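Structural description and commentary
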Amino acid sequence: MKLLKRPLEAWGMFLIFALIVVIGTASFFIKWMPPLASNRISIDQMMNVLFIITGIFFVLVQGLTGYFIWKYSDQNKERSTYIPGSYALEVTWTLGTAIILAVLGIWGVKVWKKTVIQAPPPNALQVEVVAQQFSWSFLYPGPDGVFGKLNPKYISFLNPLGIDPKDSAGKQDVWTKDDLYLPVGKPVVLRIRSLDVVHSFFVPAFRVKQDAVPGMTISTWFIPEKKGKYEIACSQFCGRGHYTMRGTCFVVSNVRFQKELAHLRKEDEGE
Ligand SMILES: [Cu+2]
């Protein structure tokens, strides 16, 4: 009972901290990530387990720290015992942590292999993604499935990707700015590049995040599994307009996707 006798300020502080933890945790779970809309469920599974493990230790360590502060504060004349060290305790928490980290590490490598390293299915749609301050361009191949040559010397405001007008394979390629169209249920390979600085292509709903590095082409693939409209963001601070560098991914039926591309192709021909 002696433990409960504390001035009002102490109880006030305790309530404020408890409230911050509860509201923080709740809003994190409500507003953190949009519902998964791709095949990358293994990332969510791993995240959830990580949150549970770190959550348990967070509450345990912070709770104990708070309890000891409360218990041995100067209001209460009780003295703590001095323990110079415990071999058994040291071994337990060192080994325990090492085992948890090793299991998470091995699991992480497996998830990485499954989502990123594993080759995409051969029927995957290829889309070139080009980042620049402060927009995204997406290039789709023509019905032949082959991209025309790209050459930096043709890069201009109207041709940000540098499509070579002399290459016949590129005649039917089409590109969009900030709007990415994808057919639902079809694997897609994004080949990500940058024209200027480092950007990062991020679609939270797909659990896809990949840096766009100048001078490199980095591929990533996934399957959009739900129709809808999803936010694309740049998640690498890339300059003054970084916050405006966003796009929208439209996951539509295959028929609608083909229609959209055909429409863009017609617009191109009309020019
Ligand atoms: Cu950017």
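Remember, it's a predicted structure, so these values are computed and weren't measured experimentally.

1. A word on the overall build of the protein
- If you tally the helices and strands in the protein, you get four helices and ten strands.
- Each helix (α) and strand (β) of the protein, taken in turn from the N terminus, gives the series α-α-α-β-β-β-β-β-β-β-β-β-β-α.
- In summary, the protein has a C-alpha radius of gyration of 26 Å against a globular reference of 18 Å for 271 residues, an excess of more than 25%.
- The principal-axis extent of the C-alpha atoms belonging to the protein is close to 85 × 40 × 35 Å.
- Within the protein, the proportion of its 271 residues that are buried is 34%.
- Looking at the protein alone, contacts between residues at least 24 apart form 70% of all its contacts between residues at least 6 apart.
- Charge separation in the protein, taken as the distance between the mean sites of 30 positive and 21 negative side-chain charges, equals 7 Å.

2. Here we look at the sheet that holds strand E5 (residues 188-194)
- Read from one edge to the other, the open sheet built from five strands follows the order E3-E2-E1-E5-E8, with strand pairing classed as mixed. Each end of this open sheet is capped by a strand with a single partner; those strands are strand E3 (174-177) and strand E8 (218-222). In this sheet, adjacent strand axes meet at a mean angle of 25° when their direction is disregarded.
- Here E5 pairs with E8 via five bridges, running antiparallel. In the sheet register, Arg191 faces E8, and the bridge partner there is Ser219.

3. Some words on helix H2 (residues 41-71)
- Between its terminal C-alpha atoms H2 stretches 44 Å, which fits the 45 Å expected from 31 residues at 1.5 Å a residue.
- Among all positions of H2, only Ser42, Asp44, Met46, Trp70 and Lys71 are buried.
- The inward-facing, buried residues of H2 abut helix H1 (8-31) and helix H3 (87-117).

4. Structural notes on the coordination of the copper ion
- Protein coordination of the copper ion is provided by His199 (ND1), Cys234 (SG), Cys238 (SG) and Met245 (SD), with donor distances spanning 2.0 to 2.5 Å.
- Metal-centred angles of 90 to 124° between the four donor atoms at the copper ion mark the site as tetrahedral.
- Sequence positions of the donors to the copper ion reduce to the motif H-x34-C-x3-C-x6-M. An identical accessibility class is assigned to Cys234 and Cys238; each is buried.

5. Quick look at the domain arrangement of the protein
- Per the domain assignment, the segments making up the protein are domain 1 (2-76 + 87-117) and domain 2 (125-270).
- If you average the C-alpha positions of domain 1 and of domain 2, the two centres end up 38 Å apart.
- Contacts between the two partners involve eleven residues from domain 1, matched on the other side by 14 residues from domain 2.
- Of the roughly 1200 Å² buried at the junction of domain 1 and domain 2 (both faces included), carbon and sulfur atoms supply 48%.
- Of all residues in domain 1, Ala37, Asn39 and Arg40 bury the most surface against domain 2, accounting for 44% of the area lost on that side.
- At the boundary of domain 1 with domain 2, the tally comes to one salt bridge.
- Note that Asp44 and Arg207 form a salt bridge whose closest N and O atoms lie 2.6 Å from each other.
- The interface formed by domain 1 and domain 2 holds ten residue pairs in polar contact (both at pLDDT 80 or more) in total.

Rules and cut-offs
- Residues numbered from 1 in each chain as written.
- Predicted model: local features only at pLDDT ≥ 70, side-chain atom pairs only at ≥ 80, totals over all residues.
- Heavy atoms only, no water.
- Helix = DSSP H or I, 4+ residues; strand = E, 2+ residues; numbered from the N terminus.
- Rg over C-alpha atoms; globule rule 2.2 N^0.38 Å.
- Buried < 20%, exposed > 50% of the residue type's maximum accessible area, 1.4 Å probe, protein only.
- Contact = heavy atoms within 4.5 Å.
- Lys, Arg positive; Asp, Glu negative; His and termini not counted.
- Charge placed at Lys NZ, Arg CZ, Asp CG, Glu CD.
- Pairing = 2+ DSSP bridges.
- Axes fitted to C-alpha atoms, helices over the stretch in contact; angles between N-to-C directions.
- Expected span 1.5 Å × (residues − 1).
- Donors = N, O, S within 2.8 Å, 3.2 Å for Na, K, Ca; no water.
- Tetrahedral: all angles 85-135°; square planar, octahedral: opposite > 155°, others 65-115°.
- Domains from an automatic or database assignment.
- Buried area = accessible area lost by both parts, 1.4 Å probe.
- Salt bridge = Lys/Arg side-chain N within 4 Å of Asp/Glu carboxyl O.
- Polar contact = N/O pair within 3.5 Å; in protein donor to acceptor, adjacent residues only side chain to side chain.

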